[in-house]
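# Inside the fold
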Amino acid sequence: MSAFAAVDLGASSGRVIVGTVDGGRVSLHEVNRFPNGPVQLAGALHWDVLGLYRGVLDGLRAAGREAGVLSGVGIDSWAVDYGLLDRDGALVGNPFHYRDARTDGVPDTVFATIPAAELYARTGLQVQPFNTVFQLVAAQGTAALAAAQTALLIPDLLGCWLTGARVAEVTNASTTGLLDASTRTWATDLAERLGIDSTLLPPLLDPGALLGHVRADVGLHGTVPVWTVGSHDTASAVVAVPAVGDDFAYISCGTWSLVGLELDRPVLTEASRAANFTNEAGVDGTVRYLRNVMGLWVLQESLRTWNEAGLPADLPDLLAAAARVPALTTVVDVDGPAFLPPGDMPARIAAEAERTGQTPPQSQAETVRCILDSLALAYRRAVRQSSALAGKDVSVVHVVGGGVRNELLCQLTADATGLSVVAGPVEGAALGNVLVQARAAGVLSGGLADLRAVGAQGLELRRYEPGATGGPTDRQWAAAEHRVEGP
């Protein structure tokens, strides 16, 4: 039996999970969970990266106490955000949070130098205002950037603090807007044209490489290797999709929802760019062809708003009440810019409903139902568009991540897409993290299909069929799509 520590960092919490591989089966056990969230400082939004690192260290020590000897550590997290290191390896400033407003208007500045079509043809990345390339352009002229020698994405930064290695794992590097989607190498010429010093970009490593070993002062037993995994949490989650065959779509559903397909080559067409789909690197040379959907963030912020106002906001009770609200009463475009920053989501939903000529939700339950219907509608669009743009048929949708627990959302997704939905695992990113580590350490072997077969052993999966609960028809979903666009 071999034990691996998966460090899995999300936008609202981090966790360290011990994965044991025994007889071709993986078992997961969470040993530490710690909060994560933005910190407002001098008008800017940052991450508490040192607090995250403390949580990681506490978790690794707990993992060591539980397992005795660890066969490896792997780190995955969200994308795009980075820390700057000076020539001595010291952190220069506090890493910015991707929801900070400093990149407002920056994409247009970038496109004035490199047209959007040209940038997409090279990097294949959908336009999001927080993409790393836009963040680095926004940072130009600052003292922090002037002092920096290396830019490391969040999992690479934590890996550096554990091992001393300054490298970039390719799945997360592919979210920067500075990686060539076809060659999987840095597009240094694009960086230089934008005034970004390309020497900031560290050497690239694929998932499954040895990054280094955990520093002795961390206090783990023995010499513990740190393996690169799919360090973008979605890349790890896709490894854990319990798919049989390749005709599947996936939804990695958490604070964000990443909706798309697994391909063997990027889709860099103008139609793909116009539809704002992204081509991100996956494990074993695959491409994660997907669209970012706002995800459960809108629901999380609504709950926070109600709690701060002293209103009851018990999620199970609200979901039960939302299930009794007539379907598609009100729908909004959850990917609209109004829903990106923190704030009063119920008020924003009401404003968007009025803008599109609909009656705003009149209760908390109606607001929750609006959010879930709107998410399912966004999933429908993303699944159908990705299938058409990639020329790939889809017969099933796999949902992984925390959204698996939301039974109403899973059923609405089946209704909206017209496809069977298989929900599970909940800890998809951690499972994929462990599977890649175990193969790197020689405990497992084979390709993605083999890893998925191992990961699927013992999973509790639930299947949802379209129309099983008498939900809206395909025609009603199509009509709702038109309502989102407004008059």
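Nothing here was measured: the structure is a model prediction, and the numbers come from that model.

The positions UniProt marks with the feature "domain: Carbohydrate kinase FGGY N-terminal" (unreviewed entry) are residues 6–239. Helix makes up 32% of residues 6–239 and strand 24%, whereas the separation of the span's terminal C-alpha atoms amounts to 14 Å.

This brings us to the packing of helix H1 (residues 49–67) against helix H6 (residues 154–163). Put simply, H1 and H6 touch, their axes get as near as 11 Å, and they point 55 degrees apart. With respect to H6, the axis of H1 lies oblique. Handedness of the H1/H6 crossing: right-handed. In this structure, H1 uses Val49, Leu50, Tyr53, Val56, Leu57 and Leu60 to contact H6, whose residues at the interface are Leu157, Leu158, Trp161 and Leu162. When its residues are assigned to classes, the contact of H1 with H6 shows 10 nonpolar, no polar and no charged.

For helix H13 (residues 345–355), every residue scored as buried is listed here: Met345, Pro346, Ile349, Glu352 and Ala353. Down the axis, H13 shows its buried residues gathered within 125 degrees of arc, on one side only. Against helix H11 (297–308) and helix H14 (364–390) lie the buried residues of H13. Where H13 begins, one side-chain oxygen reaches toward the backbone nitrogen of Ala347, 3.1 Å away; that side chain belongs to Asp344.

All right, on to the pattern of salt bridges then. Pairing of side chains with opposite charge becomes possible as their charged atoms draw close. Counting across every chain of the model gives 23 salt bridges. A salt bridge links Arg33 to Glu30; the nearest nitrogen and oxygen atoms lie 2.8 Å apart. Of the residues examined, Arg33 reaches a relative accessible area of 43% and is grouped as partly exposed. The residue Arg304 makes a salt bridge to Glu301 at a minimum N-O spacing of 2.9 Å. Pair noted here: Arg304 and Glu301 are both in helix H11, with a separation of 3 residues, about one helical turn. The buried category is assigned to Glu301, whose relative accessible area is 6%. Each member of the salt-bridge network shares a partner with another, and the members are Asp8, Arg15, Glu30, Arg33 and Glu427.

Between two cysteines, a covalent bond joining their sulfur atoms is known as a disulfide. Scanning all chains against the criterion turns up 0 disulfides. Sulfur of Cys370: no disulfide; nearest cysteine sulfur belongs to Cys253 and is 16 Å away. A residue is classified by how much of its surface remains accessible, and Cys370, at 1% relative accessible area, is buried.

By size, the foremost hydrophobic cluster in this structure holds 115 residues, and its most contacted members are Leu60, Val73, Leu158 and Leu162. Among the elements that make up this core, the one with the highest residue count is H14 (11 residues). In this view, Val73 contacts Ala5, Val7, Leu60, Leu162, Val214, Val224, Pro225, Val226, Trp227 and Gln437; residues no more than four positions away in its chain are not counted. Membership of the second largest hydrophobic core comes to 29 residues, among which are Phe134, Ala139, Leu190 and Leu201.

The rules we used
- Residues numbered from 1 in each chain as written.
- Predicted model: local features only at pLDDT ≥ 70, side-chain atom pairs only at ≥ 80, totals over all residues.
- Heavy atoms only, no water.
- UniProt positions renumbered as here; feature names shortened; annotations may be inferred.
- Helix = DSSP H or I, 4+ residues; strand = E, 2+ residues; numbered from the N terminus.
- Axes fitted to C-alpha atoms, helices over the stretch in contact; angles between N-to-C directions.
- Parallel < 35°, antiparallel > 145°, perpendicular 65-115°, else oblique.
- Left-handed = near helix turned anticlockwise from the far one by under 90°.
- Contact = heavy atoms within 4.5 Å.
- Nonpolar A, V, L, I, M, F, W, Y, C, P; charged D, E, K, R; others polar.
- Buried < 20%, exposed > 50% of the residue type's maximum accessible area, 1.4 Å probe, protein only.
- Arc of directions from axis to C-beta.
- Polar contact = N/O pair within 3.5 Å; in protein donor to acceptor, adjacent residues only side chain to side chain.
- Salt bridge = Lys/Arg side-chain N within 4 Å of Asp/Glu carboxyl O.
- Disulfide = S-S within 2.5 Å.
- Core = buried A, V, L, I, M, F, W, Y, C linked by side-chain atoms within 4.5 Å.

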